[in-house]
Amino acid sequence: MTEMILLEAEENMDKAVAVAKDNFAGIRTGQASAAMFANIAVDYYGAPTPLQQLAAINVTEARSVVIAPYDASAKKEIETALRNSDLGVNPSDDGQVLRIILPQLTEERRRDYVKLARTKAEEAKVTVRNMRRKAKDLIDAGVKDGEFGEDEGSRAEKELDALTKKHVDAIDALLAHKESELLAV
């Protein structure tokens, strides 16, 4: 019984780490990447649609991105969504595709992105801790109801603490890597 609780908690914690990784990928660094555009939704015929479903995103150089819409009529909406995003980019339309030249990050902007990364990391850690609390409540309820003994409950709690520490450490490692990317000049 405790194995099921621990397995479910670990799966949820893994998902929280994956979400943190995706969030970090969306934070702009000095280099262009297609992942920067993962969270941009375009108003396409009245429905918010992910940019990846509407256009091909190609990184042509270290700070240059070309976005080729599949539907030429959606180009204006894509351009508007890019301008309104928190990436701070200004796409230029050359008739066929949208080109984005990413400006060099200023020191102040880099610090802002580090703060954003830390906020995302803390949100992920809170999610992991919430998963821990939920699993601990299930373990405590199982011990109280007599589904398993106190020794098994104690052992499960120790395993749960180890799982929590492992996932929090993974988030910290992702954060440290992202901070080093952001602060590298």
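Per an unreviewed UniProt entry, the recorded name for the protein chain is Ribosome-recycling factor, and the organism is Demequina sediminis. Annotation of the protein chain in UniProt includes, under Subcellular location (unreviewed entry), the sentence "Cytoplasm". What the UniProt record of the protein chain gives under Sequence similarities (unreviewed entry) is the line "Belongs to the RRF family."

Engineer: Please clarify how the pairing of strand β3 (residues 55–61) should be interpreted in this entry.
Structural biologist: It is a general feature of regular strands that their side chains alternate between the two faces of the sheet. By the bridge criterion, six bridges tie β3 to strand β4 (residues 64–69) in an arrangement that is antiparallel. Bridging from a neighbouring strand, I57 pairs with I67 of β4. As consecutive antiparallel partners, β3 and β4 are separated by two residues.

Engineer: I tried to follow the sheet that holds β4 on my own but got confused; where do I start?
Structural biologist: In a beta sheet, neighbouring strands are held together by backbone hydrogen bonds and run either parallel or antiparallel to one another. Pairing within the open sheet is antiparallel, and its four strands lie in the order β3-β4-β6-β5. Taken across any chain shown, the strands that pair with only one partner, and hence form the sheet edges, are β3 and β5 (92–93). Across the sheet, helix α3 (residues 75–84) is in contact with β3, β4, β5 and β6 (98–101); its angle to β6 comes to roughly 15 degrees.

Engineer: It is not clear to me how helix α4 (residues 107–145) should be interpreted in this structure. Could you clarify?
Structural biologist: For an α-helix, the turn length of 3.6 residues means that residues three or four places apart are oriented alike. The first and last C-alpha atoms of α4 sit 57 Å apart over 39 residues, in line with the 57 Å expected at 1.5 Å per residue. Among the residues making up α4, those that are buried are R110, Y113, V114, A117, A121, A124, K125, V128, M131, A135, I139 and G142. Buried positions along α4 lie against α1 (2–25) and α5 (150–183). A positive backbone phi angle near 80 degrees is found at G146, which sits one or two residues after α4.

Engineer: I tried to follow the pattern of salt bridges on my own but got confused; where do I start?
Structural biologist: A side chain of one charge can pair with a side chain of the opposite charge when the charged atoms of the two come close. Throughout the structure, instances matching the rule amount to 17 salt bridges. Residues R155 and E3 are paired through a salt bridge, measuring 3.5 Å at the closest nitrogen-oxygen approach. A residue pair is termed long-range when its members are at least 10 positions apart, and R155 in helix α5 and E3 in helix α1 qualify at 152 residues. Overall, the relative accessible area of 48% leaves E3 in the partly exposed class. D94 is the salt-bridge partner of R99, the closest N and O atoms lying 3.2 Å from each other. Assessed through its relative accessible area of 39%, D94 is described here as partly exposed.

Rules behind the numbers
Residues numbered from 1 in each chain as written. Predicted model: local features only at pLDDT ≥ 70, side-chain atom pairs only at ≥ 80, totals over all residues. Heavy atoms only, no water. UniProt positions renumbered as here; feature names shortened; annotations may be inferred. Pairing = 2+ DSSP bridges. Helix = DSSP H or I, 4+ residues; strand = E, 2+ residues; numbered from the N terminus. Contact = heavy atoms within 4.5 Å. Axes fitted to C-alpha atoms, helices over the stretch in contact; angles between N-to-C directions. Expected span 1.5 Å × (residues − 1). Buried < 20%, exposed > 50% of the residue type's maximum accessible area, 1.4 Å probe, protein only. Salt bridge = Lys/Arg side-chain N within 4 Å of Asp/Glu carboxyl O.

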